[in-house]
Amino acid sequence: PNHNVNAEKYGHSNLPKLLKTLFSPLLVGKIQCTQKFWDLLSSSLARSTWKRYNTALRLWKTFCDKKNKPWINLEAENRVDFICWCTSTKKRSASTLKIYLSSLKALKILADEIKLGNGPLLEKFMIQGLENNQGRAASFSSASARRKVHPVSLHTLMAIKKGLKG
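None of these values were measured; they are calculated from a predicted model.

J.: Any chance you could explain the overall build of the protein here in plain terms?
T.: Helix and strand content of the protein: nine helices and zero strands. Of the regular secondary structure in the protein, the N- to C-terminal order runs α-α-α-α-α-α-α-α-α. The 166 residues of the protein split such that 37% are buried. Once local pairs closer than 6 in sequence are excluded, the contacts in the protein between residues at least 24 apart make up 66%. Carbon and sulfur atoms make up 58% of the accessible area of the protein, which amounts to about 10400 Å² in all.

J.: Sorry, what's going on with the packing of helix H2 (residues 17–27) against helix H4 (residues 47–66) here?
T.: When two helices pack together, their arrangement is captured by the angle between the axes and the distance separating the axes. Packing of H2 against H4 leaves a shortest axis separation of 9 Å and a crossing angle of 70°. Comparing their axes, H4 and H2 come out roughly perpendicular. Contacts between H2 and H4 involve Leu-18, Leu-19 and Leu-22 on the former and, on the latter, Trp-50, Tyr-53, Asn-54, Leu-57, Arg-58 and Lys-61. Looking at side-chain class alone, the contact of H2 with H4 contains six nonpolar, one polar and two charged residues.

J.: Looking at this model, I keep getting lost on unusual backbone geometry. Mind explaining?
T.: Backbone phi values are negative for most residues with the exception of glycine, while trans is the configuration of most peptide bonds. Positive phi values are uncommon outside glycine, yet Asn-68 reaches one of about 55°. By the secondary structure assignment, Asn-68 is in the loop between H4 and helix H5 (76–90). Residue classification places Asn-68 among the exposed positions, given a relative accessible area of 71%.

J.: Explain the packing of H5 against helix H6 (residues 94–116) to me, please; I cannot follow it from the model alone.
T.: Axis separation between H5 and H6 bottoms out at 11 Å; the angle between their running directions is 155°. As the angle between them shows, H5 and H6 are arranged roughly antiparallel. Here H5 and H6 pass one another in a crossing that is right-handed. Every residue of H6 that contacts H5 at Arg-79, Phe-82, Ile-83, Cys-86 and Thr-87 is listed here: Leu-97, Tyr-100, Leu-101, Leu-104, Lys-105 and Lys-108.

J.: Even after reading the chapter, I still don't get the side chain of Asn-54, so can you show me in this structure?
T.: Within the secondary structure layout, Asn-54 lies in helix H4. In this structure Asn-54 comes out as buried when scored by relative accessible area, which is 12%. Apart from the residues lying within four places of it in its own chain, the contact partners of Asn-54 are Pro-16, Leu-18 and Leu-19.

J.: Please clarify how the environment of Lys-20 should be interpreted in this entry.
T.: Turning to its location among the elements, Lys-20 is positioned in helix H2. A C-alpha to C-alpha distance of 8.4 Å links Lys-20 and Trp-38, two positions 18 residues apart in sequence. Sequence-distant contacts of Lys-20, that is, excluding residues within four places in its chain, are made with Leu-15 and Trp-38.

J.: How should the nonpolar core be read in this particular structure?
T.: Soluble globular proteins tend to bury their nonpolar side chains together. Counting 38 residues, the largest nonpolar core has Phe-23, Leu-41, Leu-57, Trp-60 and Phe-82 as the members making the most contacts within it. Among the elements of the structure, H2, helix H3 (34–44), H4, H5, H6 and helix H7 (120–141) are those that each provide at least two residues to this core. The element that contributes the greatest number of residues to this core is H6, accounting for nine residues. With residues near it in sequence (within four places) discarded, Leu-41 still touches Leu-15, Phe-23, Trp-50, Leu-110, Phe-125 and Met-126.

Conventions and cut-offs
Residues numbered from 1 in each chain as written. Predicted model: local features only at pLDDT ≥ 70, side-chain atom pairs only at ≥ 80, totals over all residues. Heavy atoms only, no water. Helix = DSSP H or I, 4+ residues; strand = E, 2+ residues; numbered from the N terminus. Buried < 20%, exposed > 50% of the residue type's maximum accessible area, 1.4 Å probe, protein only. Contact = heavy atoms within 4.5 Å. Areas by Shrake-Rupley, 256 points an atom, 1.4 Å probe, with all protein chains shown as cover. Axes fitted to C-alpha atoms, helices over the stretch in contact; angles between N-to-C directions. Parallel < 35°, antiparallel > 145°, perpendicular 65-115°, else oblique. Nonpolar A, V, L, I, M, F, W, Y, C, P; charged D, E, K, R; others polar. Left-handed = near helix turned anticlockwise from the far one by under 90°. Core = buried A, V, L, I, M, F, W, Y, C linked by side-chain atoms within 4.5 Å.

Here's what the structure looks like:
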């Protein structure tokens, strides 16, 4: 069967709903090709990366709800409070917090650039999404993707090995 890892890794459905909720209000009047924007943004990162961003954002939203802060505000002073809250309430390790903070910082930069309608990270995400989409389309049409795989028995492998020693 045709199996394409890129199709699973980079796809239009990778962007979690919580992230779409974060970015949607920022798009109003900024980016005209909204569906294409979502397609490229979703395809720009691997599904596992979007999941990591979503996990950080979900915990961030929980923190903001408990502290009565607007969760869309990813500012630095709130991130410091977030670190304290995570270490006292959620017992997260330093390495986990680094991952969360890295994710939140990237989302903050991306959100700011979406709000402006441009910026280097946003451009990088759009180009990466396009490359991933083109790579997926190219791999579907390649001969190697259509080539059938035939299992080889141990007996056949031994015969090949014997023939090579010949």
